[in-house]
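# Summary of the model geometry
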Amino acid sequence: MDLLWFYVAVALALSDELHSKLFWSLFFDFYVVLAGLIQRIVGSSIRMWMVHEFLEAIFNFVVLSIVFLSIPIGFLAAAVHLAVDLFHEAVNLNLPPLEHRALHFVIEASFFILVFSL
């Protein structure tokens, strides 16, 4: 197992930051138009938010699959990140950015410690 769990958790955190920087800074105008189209198609804000989270999971899947040259690692990383995002939105945790990142890192690292120890 070595430190692979740590590398995956760090890469997932970096992938999430990359997603935020790309889509909220560089492609902001496109993202706003896309959000409007998605909301019009799905018909509600909650469904639009869920589509956003699934698109973010796809982004994380692609990035981690490429970084580790492993589709299972990419899939697991995207799935656990999506689960944490859905959970902390469902329980309405309004965390500052550092605490939000720490929550993700601790849960995702613990998940991969468990997976790689099996």
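Attention here is on the structure that accompanies the text. (Residues numbered from 1 in each chain as written. Predicted model: local features only at pLDDT ≥ 70, side-chain atom pairs only at ≥ 80, totals over all residues. Heavy atoms only, no water.)

## Here's the deal with the pattern of salt bridges
Taken as a whole and judged by the stated rule, the model has two salt bridges. The partner of Asp 16 in a salt bridge is Arg 101, and the shortest N-O contact between them spans 2.7 Å. Of this pair, Asp 16 sits in helix H1 (residues 4-26) while Arg 101 sits in helix H5 (residues 97-117), and the two are 85 residues apart along the sequence. Residue class for Asp 16 comes out buried when judged on its relative accessible area of 3%. Residues Glu 17 and Arg 101 are paired through a salt bridge, measuring 2.9 Å at the closest nitrogen-oxygen approach. Separated by 84 residues along the polypeptide, Glu 17 in helix H1 and Arg 101 in helix H5 bring together distant segments of the chain. One network of salt bridges, in which partners are shared, links Asp 16, Glu 17 and Arg 101. (Salt bridge = Lys/Arg side-chain N within 4 Å of Asp/Glu carboxyl O. Helix = DSSP H or I, 4+ residues; strand = E, 2+ residues; numbered from the N terminus. Buried < 20%, exposed > 50% of the residue type's maximum accessible area, 1.4 Å probe, protein only.)

## Quick notes on the environment of Ala 83
Note on placement: Ala 83 falls in helix H4 (residues 71-90). Judged by its relative accessible area of 42%, Ala 83 is partly exposed. Residues Ala 83 and Leu 64 lie 19 residues apart in sequence; the distance between their C-alpha atoms is 16 Å.

## Considering the packing of helix H3 (residues 45-68) against H4
Look at H3 against H4: their axes get within 7 Å of each other, and the N-to-C directions meet at 150°. The orientation of H3 with respect to H4, classified from their angle, is roughly antiparallel. Relative to H4, the crossing made by H3 is right-handed. Counted together, Trp 49, Glu 53, Phe 54, Glu 56, Ala 57, Asn 60, Phe 61, Leu 64, Ser 65 and Phe 68 of H3 and Ile 71, Ile 73, Gly 74, Phe 75, Ala 77, Ala 78, His 81, Leu 82, Asp 85, Leu 86 and Glu 89 of H4 form the full contact between these two elements. Class assignment for the residues of the contact of H3 with H4 results in 13 nonpolar, four polar and four charged. (Axes fitted to C-alpha atoms, helices over the stretch in contact; angles between N-to-C directions. Parallel < 35°, antiparallel > 145°, perpendicular 65-115°, else oblique. Left-handed = near helix turned anticlockwise from the far one by under 90°. Contact = heavy atoms within 4.5 Å. Nonpolar A, V, L, I, M, F, W, Y, C, P; charged D, E, K, R; others polar.)

Coordinates in, geometry out; function isn't part of it.
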